[in-house]
Amino acid sequence: MNAPLSVAASAESAEPSGTAVVPAPFPAGPVRLLLGRGVAVVGNDIDTDRIIPARYLKCVTFEGLAEGAFADDRTELAGAHPFDRLEHQGATILVVNDNFGCGSSREHAPQALMRWGIRAVIGESFAEIFFGNCLALGIPCLTASPVDAAALQRAIGATPAALLRLDLEALRVQLDPQASDGTPASASLDLPLQLAEGPHRMLVSGQWDGTSQLVAHDAELRATASCLPYLAGFGD
């Protein structure tokens, strides 16, 4: 089984505004601890068309979708969107509000977020299909109370360089009072999170990762295949 995924992002990894930064490999295996900076996108009912506009669905592969993440909102805000701000480049933990990912079921939405660099999402609630698409990519979607979500968003806004420690096993998120660039954070936070038992077990055990599960059970799969007539020369 693969080692637990641990993501660390620092202020030194930041690049110029508008540049997509992927600070770590894509999720693989157990997801138990995430370390990184946060980025807050405030607002309820942010649907998948805002996360990734429909014109990006014409792509043949998911490569290059990072530039489409919140593309129309970013254009409208002319550099002021959190995904364009210099201090949030390299952030790995997205903090949102209520009913995030509603609308269509497009898998491109979590793919765009993942390719921009997001490795976990914390919010008040998530649309069911968006949640499932994120789970299939190894991106935890954890819920917090409205008060806690807002407090975390304010803390990220006040000290963008502050590190977040997201403990999937304990279901808690902590904001380090010492920011990654050495400046003191506005305040330390230690907040509880919620995640249903099934998805929680899949993430911390690595069972969400279908490809790794297949590779890990290669011998059993080959043994089963050898007993299947249509794979073992049946009719020769």
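None of the values given here were measured: they were computed from a predicted structure.

Enquirer: What is the right way to read the side chain of R37 from this model?
Expert: In this structure, R37 sits in strand 1 (residues 33–40). Separated by 2.8 Å, the side chain of R37 and the backbone oxygen of E87 make a polar contact. Of the polar contacts made by the side chain of R37, one reaches the backbone oxygen of Q89; its length is 2.6 Å.

Enquirer: What's the story with the packing of aromatic side chains in this structure? I'm lost.
Expert: The geometry of an aromatic ring pair is captured by two quantities: the separation of the ring centres and the angle between the planes. Taken as a whole, this structure holds three aromatic pairs when the rule is applied. Taking 4.0 Å as the distance between ring centres and 25 degrees as the angle between the ring planes, the aromatic pair formed by F83 and W116 counts as stacked. In this pair, F83 sits in the loop between helix 2 (71–77) and strand 2 (93–95) while W116 sits in helix 3 (residues 108–116), placing the two residues 33 residues apart along the sequence. Across the pair, W116 and F83 agree in class, each one buried. A ring pair is formed by F100 and F130, whose centres lie 5.4 Å apart and whose planes are at 85 degrees; its orientation type is edge-to-face. On the criterion of sequence distance, the pair formed by F100 in the loop between strand 2 and helix 3 and F130 in helix 4 (residues 128–137) is long-range, its members being 30 residues apart. On the basis of relative accessibility, which here comes to 0%, the residue F100 falls in the buried class. Pairwise contacts between aromatic rings join F70, F83 and W116 into one cluster.

Enquirer: What's the story with the sheet that holds strand 4 (residues 141–143) in this structure? I'm lost.
Expert: Backbone-to-backbone hydrogen bonds pair the strands of a sheet. The strands run either parallel or antiparallel. With mixed pairing, the seven strands of this open sheet are ordered in space as 4-3-2-1-5-6-7. The open sheet has two free edges, formed respectively by strand 4 and strand 7 (189–192), since each of these has just one partner strand. Neighbour-to-neighbour, the strand axes of this sheet turn through a mean angle of 30 degrees, independent of strand direction. Of the strand pairs in this sheet, strand 1 and strand 5 (residues 163–167) are connected by five bridges, and their pairing is antiparallel. Opposite L35, over in strand 5, you have R165 as the bridge partner.

Enquirer: Explain the pattern of salt bridges here, please?
Expert: When the charged atoms of two side chains with opposite charge come close together, those side chains can pair. In total, this model carries eight salt bridges according to the counting rule given. Residues R74 and D84 are paired through a salt bridge, measuring 2.8 Å at the closest nitrogen-oxygen approach. Taken together, the residues R74 in helix 2 and D84 in the loop between helix 2 and strand 2 connect sequence positions 10 residues apart.

Enquirer: Would you take a moment to explain the side chain of N133 for this structure?
Expert: Relative to the assigned elements, N133 resides in helix 4. N133 gets classed as buried once you look at its relative accessible area, which sits at 18%. In this structure, N133 is in contact with S105, R106, E107 and P110, ignoring residues within four places of it in sequence.

Enquirer: Is there a simple way to think about the confidence of the model for the protein chain in this case?
Expert: Detailed conclusions should not be drawn from predicted coordinates in areas where pLDDT is low. Confidence along the protein chain averages 85 in pLDDT terms, with 81% of residues attaining 70 or more. Here residues 1–22 scores under 50 on pLDDT; set against residues more than four positions off or in separate chains, the count is 70 contacts.

Basis of the calculations
- Residues numbered from 1 in each chain as written.
- Predicted model: local features only at pLDDT ≥ 70, side-chain atom pairs only at ≥ 80, totals over all residues.
- Heavy atoms only, no water.
- Helix = DSSP H or I, 4+ residues; strand = E, 2+ residues; numbered from the N terminus.
- Polar contact = N/O pair within 3.5 Å; in protein donor to acceptor, adjacent residues only side chain to side chain.
- Phe/Tyr/Trp six-rings, centres within 6.5 Å; stacked < 30°, edge-to-face > 60°.
- Buried < 20%, exposed > 50% of the residue type's maximum accessible area, 1.4 Å probe, protein only.
- Pairing = 2+ DSSP bridges.
- Axes fitted to C-alpha atoms, helices over the stretch in contact; angles between N-to-C directions.
- Salt bridge = Lys/Arg side-chain N within 4 Å of Asp/Glu carboxyl O.
- Contact = heavy atoms within 4.5 Å.
- pLDDT = per-residue confidence, 0-100.

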